[in-house]
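Coordinate inspection notes
What follows is the residue order along each chain.
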Amino acid sequence: MKALRRLLPRSLRGRFVALMIAGVVLAQLAGHAVWHSQARATHLELVDRVSRDLALGIASTARFFGSLPYEYRHIVLDQLRQMGGTRFFVSLNRERIRVADIPDSEEKRIVVANVREVLQQALALSQVQIEFSPPESLHVLNNEILLKDLPPRWAEHTLLLEPLSPPVLVVQLALAPDAWLYVATLVPVPGFLSDQGLLTPERLVALLLTLAVVVGLSLLGVRGLTRPLAQIAGAAQALGRDLDHPPLPEDGSTELAATARAFNRMQERLQGYLRDRERLFSAISHDLKTPITRLRLRAELLDDAALRAKFVRDLAELDLMVKGALQSVKDTDIHENPEPVDVAALLAAMREDLLLRGAVLEVRGSAAPIRARPLALKRCLTNLVDNAVFYGERAEVRLEDGAEALAVRIRDRGPGIPEDKLEAVFEPFVRLEPSRNRNTGGTGLGLGIARHIARAHGGELSLHNHPGGGLEARLVLPRQAES
């Protein structure tokens, strides 16, 4: 089943056309099989009826020649040959002529059985030889003379049917020990012993023409069906970057209109959810600021200096968490118009700022401007570079530009992260002990915000432990998803 799926085209258009082709081929083959079966049955029925009539004619001929005096038989044969146009080629031979019999077949078995049955009932002869011979190797009169050696008027209208040249039925009956009646004739059934199988050239041409028409109409039809699906896919990608994307038109077929309607309702719910989330966090932040301030004032009134210091430290940490949560909501709620951004220039400006703080940022490579949201992309890169500088003493950035995507690799020289924690650090408020804790500053939201911004641009952010030591952040921003 998996192998079959690999053979299928990946696109909906390709699969639809492949399905239509398979359906047409199967339907045509099934139709041809039914037609061939019925035609075959009709053909065999005709062979049975004709062969019985033919056997009665042979029996009459044998009875006629058997009734003639011996000295008149050859006179009658000469007269028949001079007249021509007879149904049978008849001769009287002193010996049985050898016949190169053709391979066995259903038609041949029917004819031989019917002729033998009729002759035995009509003549009661003990020696009857019934065979089929190809016309080019058929011997007549004796075992040396071929049919083609005879005068044309003797047999060309009786046993030769150009250009088909069907096999010739040869019946030899022993009238006496040295007198064999030789009767050769054609079985007058169209296409006798020439079954061309299920797919004849004519049927194959018809099948190919049908397939061409079906494929052409399928491509036209599926193109109109898949275009709205492509629009929905594009709208879904745009939704990940901009929740204010205009709604889809709710028209087309019933199913597509229902899909567009459901997509628009989903977009409205997401917009409402994010607005509610921002209002909720703003309300929580506002409501918590007042009690935190009161608690800080009351802590200052404590007489115990050590206890007072603990209260102030805990309140500062709580205030930092509230501000970090609110900042996370604001930073991941991107409301910017995309425009060309020079990532190399952006990193160069960050390097100047870091030099003032005594930190090192090394940038290698170059990149053409990429269409993005400037402040959001700057926030993403700042979080990654600050993270590398803080935990790894220095940051090394490499730009790898391509026609389809821009890759930014940011490496530090720190201790790295355990492999089982590489995804966990993207979760909110997650920091790794002992080096990454609240006492070192930060809220554990930077990496999560950076990944959200990357995905909002249609890209991806991942962390890897570098083989040479340290941690490497890989930011990939696709160019084909730019808007």
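Scroll up to find the structure.
Residues numbered from 1 in each chain as written. Predicted model: local features only at pLDDT ≥ 70, side-chain atom pairs only at ≥ 80, totals over all residues. Heavy atoms only, no water.

**Side note on the overall build of the protein**
Check the secondary structure of the protein and you find 11 helices and 11 strands. Across the 483 residues that make up the protein, the buried fraction comes to 39%. At a minimum sequence separation of 6, the contacts of the protein that also span at least 24 residues come to 70%. (Helix = DSSP H or I, 4+ residues; strand = E, 2+ residues; numbered from the N terminus. Buried < 20%, exposed > 50% of the residue type's maximum accessible area, 1.4 Å probe, protein only. Contact = heavy atoms within 4.5 Å.)

**Here's the deal with the sheet that holds strand β10 (residues 460-465)**
Ordered in space as β6-β8-β9-β11-β10, the 5 strands form an open sheet in which the pairing is mixed. At either end of the open sheet lies a strand with only one pairing partner, and these are β6 (360-364) and β10. Direction aside, neighbouring strands of the sheet carry axes that sit 20 degrees apart on average. Strand direction decides the pairing type here: strand β8 (residues 394-401) and strand β9 (residues 405-412), joined by 7 bridges, are antiparallel. (Pairing = 2+ DSSP bridges. Axes fitted to C-alpha atoms, helices over the stretch in contact; angles between N-to-C directions.)

**Here we look at the sheet that holds strand β3 (residues 168-176)**
The strand order across the open sheet formed by 4 strands is β1-β4-β3-β2, and the pairing between neighbours is antiparallel. The two strands at the open ends of the sheet, each matched to only one other strand, are β1 (89-93) and β2 (128-133). Averaged over all neighbouring strand pairs, the angle between strand axes comes to 20 degrees, with direction disregarded. With 6 bridges connecting them, β2 and β3 associate as antiparallel partners. Looking at the pairing, valine 128 lines up with leucine 173 of β3.

**Quick word on helix α4 (residues 106-123)**
Taking 1.5 Å of rise per residue, 18 residues should cover 26 Å, and α4 covers 26 Å from first to last C-alpha, within 8% of that figure. All of the buried residues along α4 are Glu107, Lys108, Ile110, Val111, Val112, Asn114, Val115, Val118, Leu119 and Leu123. Alanine 124 sits one or two residues past α4 and shows a positive phi near 55 degrees. (Expected span 1.5 Å × (residues − 1).)

**What to know about the packing of aromatic side chains**
Summed over the entire model, instances satisfying the criterion amount to 0 aromatic pairs. Note that arginine 451 overlies the ring of phenylalanine 426, its terminal NZ or CZ placed 3.6 Å from the centroid. (Phe/Tyr/Trp six-rings, centres within 6.5 Å; stacked < 30°, edge-to-face > 60°. Lys NZ or Arg CZ within 6 Å of the ring centre and 35° of its normal.)

**Some remarks on the pairing of β10**
As paired strands, β10 and strand β11 (residues 471-478) are joined by 6 bridges and run antiparallel to one another. Pairing of histidine 464 across the sheet is with glutamate 472, part of β11. From the end of β10 to the start of β11, which pair antiparallel, there are 5 residues, and glycine 469 there has a positive phi angle of about 105 degrees.

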